[in-house]
Amino acid sequence: APQADADALAGLQPGCCGEPGSVLLFLDVDGVLNKGSATYADPAALKMGGWPHALDVELLRRLKSVLTQSGASIVLSSAWRDNDLGKRFLARGFAAVGIPCAVVVGATPLQGASRIDEIKTWLADHAPLCERWVAVDDMDLLVDAPELGAHVVRTSTNAGLTSDAAEECVAKLA
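Okay, so let's go over this structure. (Residues numbered from 1 in each chain as written. Predicted model: local features only at pLDDT ≥ 70, side-chain atom pairs only at ≥ 80, totals over all residues. Heavy atoms only, no water.)

**Describing the pattern of salt bridges**
Under the counting rule described, the total for this entry stands at 10 salt bridges. Here Arg-115 ties to Asp-28 by a salt bridge, and the two come within 3.0 Å at their closest N and O atoms. Here Asp-28 lies in the loop between β1 (23-27) and α2 (37-40) and Arg-115 lies in helix α5 (residues 115-126), a separation of 87 residues in the sequence. (Salt bridge = Lys/Arg side-chain N within 4 Å of Asp/Glu carboxyl O. Helix = DSSP H or I, 4+ residues; strand = E, 2+ residues; numbered from the N terminus.)

**As for the nonpolar core**
Counting 39 residues, the largest nonpolar core has Leu-25, Leu-27, Leu-33, Leu-63, Ile-74, Leu-90 and Phe-94 as its most contacted members. Contributing elements (two or more residues each) for this core: β1, α3 (57-70), β2 (73-76), α4 (84-97), β3 (104-107), β4 (132-137) and α6 (163-173). When residues no more than four places from it in sequence are discounted, the contact partners of Leu-90 are Leu-9, Val-29, Leu-33, Leu-55, Leu-76 and Trp-80. Within the second largest apolar cluster, 16 residues are counted, among which are Leu-24, Ile-116, Cys-130 and Ala-145. (Core = buried A, V, L, I, M, F, W, Y, C linked by side-chain atoms within 4.5 Å. Buried < 20%, exposed > 50% of the residue type's maximum accessible area, 1.4 Å probe, protein only. Contact = heavy atoms within 4.5 Å.)

**So, the side chain of Glu-118**
When you line up the elements, Glu-118 lands in helix α5. A polar contact is formed between the side chain of Glu-118 and the side chain of Arg-81, at a distance of 3.0 Å. One polar contact links the side chain of Glu-118 to the main-chain amide nitrogen of Gly-112, over a distance of 3.4 Å. Beyond its immediate chain neighbours, meaning those up to four positions away, Glu-118 contacts Arg-81, Thr-108, Pro-109, Leu-110, Gln-111, Gly-112 and Ala-113. (Polar contact = N/O pair within 3.5 Å; in protein donor to acceptor, adjacent residues only side chain to side chain.)

**A short note on the pairing of β2**
Residues of β2 alternate between two faces, with Ser-73 and Val-75 on one and Ile-74 and Leu-76 on the opposite face, all of them buried. Sheet analysis places β1 next to β2, joined by four bridges and oriented parallel. Bridged to Phe-26 within β2 is Val-75. Examined bridge by bridge, β2 and β3 share three bridges and lie parallel to one another. Bridge pairing links Leu-76 to Ala-107 in β3. At this point the chain moves from β2, through α4, to the parallel β3, and the crossover so formed is right-handed. (Pairing = 2+ DSSP bridges. Right-handed = clockwise from strand over helix to strand, strands pointing away.)

**Description of the packing of aromatic side chains**
One pass over the structure, following the stated rule, counts four aromatic pairs. Between Phe-26 and Trp-133, the aromatic rings sit 5.8 Å apart at their centres with planes inclined by 85 degrees, giving edge-to-face as the arrangement. Placement of the pair is Phe-26 in strand β1 and Trp-133 in strand β4, with a sequence separation of 107 residues. When sorted by exposure, Phe-26 lands in the same class as Trp-133, which is buried. With 5.0 Å between their ring centres and 80 degrees between their planes, Trp-51 and Trp-80 make a pair best called edge-to-face. (Phe/Tyr/Trp six-rings, centres within 6.5 Å; stacked < 30°, edge-to-face > 60°.)

See the structure below:
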């Protein structure tokens, strides 16, 4: 049932972890799966009543391609991880392009720290031996952790997950 899928991410709590795979993709949403207000203005974009953000189907398909090529599981690092409506909408977006919600194995903790520190905490707590991981974000995560350049793919808020960024993700996860 589509409704069951829509609630598939609802129980996901910040800091949680299912069964982490050996390949992980830490996913931001805004500026990765959308292009900010440009996506919201696009009639073809996915939208949900009461939620102020939209999802770009082309960018979702690109994420699916990265997941298919890399075998990665997703850990949500986006602020959406702490919002039930946001998680429900993301589940709907995943369903629209055939990304199974089971690929999402966790969400980073809400520490009020920098996002990269939250990612490092999640890794230390749940997958300390994982070497094949990448964080995709439109924020400059390397400001606080320049040594992690091999694990970060930065997107542009106005372009989202471009084909170049998607290829960089796959290369860094290989």
